[in-house]
Number of protein chains: 2
Amino acid sequence: MTVSKGELDRRLSEFRHRLSQAGIKVTHQRLEIFRELAQSAEHPDAETIFEAVRRRVPTISLDTVYRTLWLFVDLGVLHTLGPPRDRMRFDANVAPHHHFVCVQCGATHDFFCEECDAFRVPDEVRAMGSVHIKQMEVRGVCVKCQKASSKKIRASRKKEET
Amino acid sequence: MTVSKGELDRRLSEFRHRLSQAGIKVTHQRLEIFRELAQSAEHPDAETIFEAVRRRVPTISLDTVYRTLWLFVDLGVLHTLGPPRDRMRFDANVAPHHHFVCVQCGATHDFFCEECDAFRVPDEVRAMGSVHIKQMEVRGVCVKCQKASSKKIRASRKKEET
DNA sequence: CCTTTGATAAGAATAATTCTTATTTAAGAA
DNA sequence: TTCTTAAATAAGAATTATTCTTATCAAAGG
């Protein structure tokens, strides 16, 4: 599946705008990495993006791809799928339930929700494959990480005052 | 958050039953690894499980924990969170949308769904942290992997016939 | 209480991701 | 346009999660 020309252009100009606003250089590598992701409706991993971009920018390094992807995530122009930045997580609760996932530390909390349980998977989605389970995933920053980062901010403010 | 004694016992007896049915040995290590996961409503990674079980089974190895967890996943007594078994995946579509995730190859397809978009996150969940996005995650086996595995089965049948 | 086959421990190997450092380049100033 | 400089990149080393290899060990049935 590919994104339309118009949609791609919109995403690219939005992208340039965001980088400038944040005072971040618009490099050839960054543009091509973003273009590669923005023109695809799939969800490639870093290696796949690296291989694709390398065809156009032969000297690019895998490290740049990783660094750039995480930069984009921090800027909010990308998301990651599933729990973040670390290792596989396991869940012994095979009954229907739903998840709040912290995008910073990966902590995941169950919740129950009849409205979500009642969701009937559309035929369009059934055509993608056999359905095992369906669950609502709420992504955000958990209370613990919020506290931790507000502490950090306060600490760095104090530092700047001196 | 901890699971009640009754619920834990139910899960453990269900668990023993499943292993026996599948002709798989009920070892001390497997019981303790399962108990550790089943008594927790969190979603620990392998390392965390390893550290916890080690207090009770000091000679256990990290490798056994991994091997056992994947065995459990194959048996269906556990799930994993997010895309499976491999690397981080990225998504340049920050507009509201939802995912079909293949638990075998990790391929992830977008879909759109007004019913899911309309879901209002309950206060109980808001109390867990700040909410960035919410999305329905449908997990299953994609058409490609279904075809691949049916091919495999046919091939192994042919082999057995000889 | 044997036997056998599958399970485990230990450490080596692999593979994804990140770090270090020397070089290059974007972007604003002249 | 050219110069300046902080920021970005490439290359390869380092790190870390996960898996593999192989020599012991133990569950389950007889």
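Note: the structure precedes this text.
As a starting point, this report considers the structure included with it. (Residues numbered from 1 in each chain as written. Chains lettered and ligands numbered in written order. Predicted model: local features only at pLDDT ≥ 70, side-chain atom pairs only at ≥ 80, totals over all residues. Heavy atoms only, no water.)

## Some remarks on the overall build of chain A
- Summing up its helical and strand segments, chain A has seven helices and five strands in all.
- Start at the N end of chain A and walk to the C end: the helices and strands fall as α-α-α-α-β-β-β-β-α-α-β-α.
- Relative to its full complement of 162 residues, chain A shows a buried share of 43%.
- A fraction of 45% describes how many contacts in chain A between residues 6 or more apart in sequence connect residues 24 or more apart.
- On chain A, roughly 9100 Å² of surface is accessible, and the fraction owed to carbon and sulfur atoms is 52%. (Helix = DSSP H or I, 4+ residues; strand = E, 2+ residues; numbered from the N terminus. Buried < 20%, exposed > 50% of the residue type's maximum accessible area, 1.4 Å probe, protein only. Contact = heavy atoms within 4.5 Å. Areas by Shrake-Rupley, 256 points an atom, 1.4 Å probe, with all protein chains shown as cover.)

## Looking at the protein's contact with DNA strand C
- Taken together, 19 residues are adjacent to DNA strand C, and Val26, Asp63 and Tyr66 of chain A together with Thr27 and Thr64 of chain B come closest.
- Per the 4 Å cut-off to the protein, sugar and phosphate atoms form 73% of the nearby atoms of DNA strand C.
- The side chain of Thr27 of chain B places a nitrogen or oxygen atom 2.8 Å from a phosphate oxygen of DNA strand C.
- Residue Asp63 of chain B places a side-chain N or O atom 3.4 Å away from a base nitrogen belonging to DNA strand C.
- The set of elements that each furnish at least two residues to the surface near DNA strand C consists of α4 (62-75) of chain A together with α2 (28-38) and α4 (62-75) of chain B.
- When residues of the surface near DNA strand C are assigned to their parent elements, the largest contribution, four residues, is made by α4 of chain A.
- Classifying every residue of the surface near DNA strand C gives seven nonpolar, five polar and seven charged. (Near = heavy atom within 4 Å. Polar contact = N/O pair within 3.5 Å; in protein donor to acceptor, adjacent residues only side chain to side chain. Nonpolar A, V, L, I, M, F, W, Y, C, P; charged D, E, K, R; others polar.)

## What to know about the packing of helix α2 (residues 28-38) of chain A against helix α3 (residues 46-56) of chain A
All names here are of chain A.
- It is the contact of α2 with α3, at a shortest axis distance of 10 Å, that shows an interaxial angle of 120°. Looking at the two axes, α2 sits oblique to α3. The chirality of how α2 crosses α3 is right-handed. Residues Glu32, Ile33, Arg35, Glu36 and Leu37 of α2 touch α3, and the partners they reach there are Ile49, Ala52, Val53 and Arg56.
- Its residues assigned to classes, the contact of α2 with α3 comprises five nonpolar, no polar and four charged. (Axes fitted to C-alpha atoms, helices over the stretch in contact; angles between N-to-C directions. Parallel < 35°, antiparallel > 145°, perpendicular 65-115°, else oblique. Left-handed = near helix turned anticlockwise from the far one by under 90°.)

## Looking at the relation of the copies chain A and chain B
- Superposition record for chain A on chain B: RMSD 0.1 Å, screw rotation 180°, translation along axis 0.0 Å. Classification of the inter-copy transformation places it as that of a two-fold axis.
- Here 98% of the contact residues of chain A are again contact residues in chain B; the copies associate through an equivalent surface. (Least-squares fit on C-alpha atoms with pLDDT ≥ 70 in both.)

## Focus: helix α1 (residues 5-21) of chain A
Residues and elements named next belong to chain A.
- A rise of 1.5 Å per residue sets the reference length of α1, with its 17 residues, at 24 Å; its end C-alpha atoms lie 24 Å apart and thus fit the reference within 8%.
- Every buried residue of α1 is listed here: Leu8, Arg11, Leu12, Phe15 and Leu19. Taken end-on, α1 shows its buried residues confined to a sector of 100°, consistent with a single buried face. For α1, the exposed residues lying more than 90 degrees away from the buried face are Arg10 and Gln21.
- The elements touched by buried residues of α1 are α2 and α4.
- Gly23 sits one or two residues past α1 and shows a positive phi near 70°. (Expected span 1.5 Å × (residues − 1). Arc of directions from axis to C-beta.)

## Concerning the state of the cysteines
Residue and element names in this part refer to chain B.
- This structure, assessed with the given rule, holds zero disulfides over all chains.
- With no disulfide of its own, Cys102 lies closest to Cys142 among cysteine sulfurs, the gap being 3.7 Å.
- By relative accessible area, Cys102 is classed as buried at 0%. (Disulfide = S-S within 2.5 Å.)

## Let's talk about the packing of aromatic side chains
Residues and elements named next belong to chain A.
- Throughout the structure, instances matching the rule amount to six aromatic pairs over all chains.
- Note on Phe34 and Phe72: the rings are 6.1 Å apart at their centroids and 80° apart in plane angle, and the pair reads as edge-to-face. Separated by 38 residues along the polypeptide, Phe34 in helix α2 and Phe72 in helix α4 bring together distant segments of the chain. Neither residue differs from the other here; Phe34 and Phe72 are each classed as buried.
- Taken together, Phe15, Phe34 and Phe72 form an aromatic cluster joined through their ring pairs. (Phe/Tyr/Trp six-rings, centres within 6.5 Å; stacked < 30°, edge-to-face > 60°.)

## Concerning the interface of chain A and chain B
- Facing the 65 residues of chain A at the interface are 64 residues of chain B.
- Here chain A packs against chain B, burying approximately 6100 Å² in sum over the two surfaces, 64% of which is carbon and sulfur.
- Taken together, chain A and chain B are joined by 13 residue pairs in polar contact (both at pLDDT 80 or more).
- Residue contributions to the side of chain A that touches chain B peak at 14 residues, all from strand β5 (residues 129-142) of chain A.
- When the residues that make up the side of chain A that touches chain B are grouped by side-chain class, the tally is 35 nonpolar, 16 polar and 14 charged.
- In terms of strand pairing, β5 of chain A meets strand β5 (residues 129-142) of chain B through 13 bridges, oriented antiparallel. Within β5 of chain B, the position partnered with Gly140 of chain A by the bridge is Val131 of chain B. (Buried area = accessible area lost by both parts, 1.4 Å probe. Pairing = 2+ DSSP bridges.)

## Some points on the pattern of salt bridges
Residue and element names in this part refer to chain A.
- Going through the model one piece at a time under the given rule, you end up with 15 salt bridges over all chains.
- A salt bridge links Asp123 to Arg120; the nearest nitrogen and oxygen atoms lie 4.0 Å apart.
- Judged by its relative accessible area of 55%, Arg120 is exposed.
- Between Glu137 and Arg139 there is a salt bridge; the shortest N-O distance is 3.1 Å.
- In the salt-bridge network here, residues are joined through shared partners; they are Glu32, Arg35, Glu36 and Arg56. (Salt bridge = Lys/Arg side-chain N within 4 Å of Asp/Glu carboxyl O.)

What is shown is where atoms sit, not what they do.
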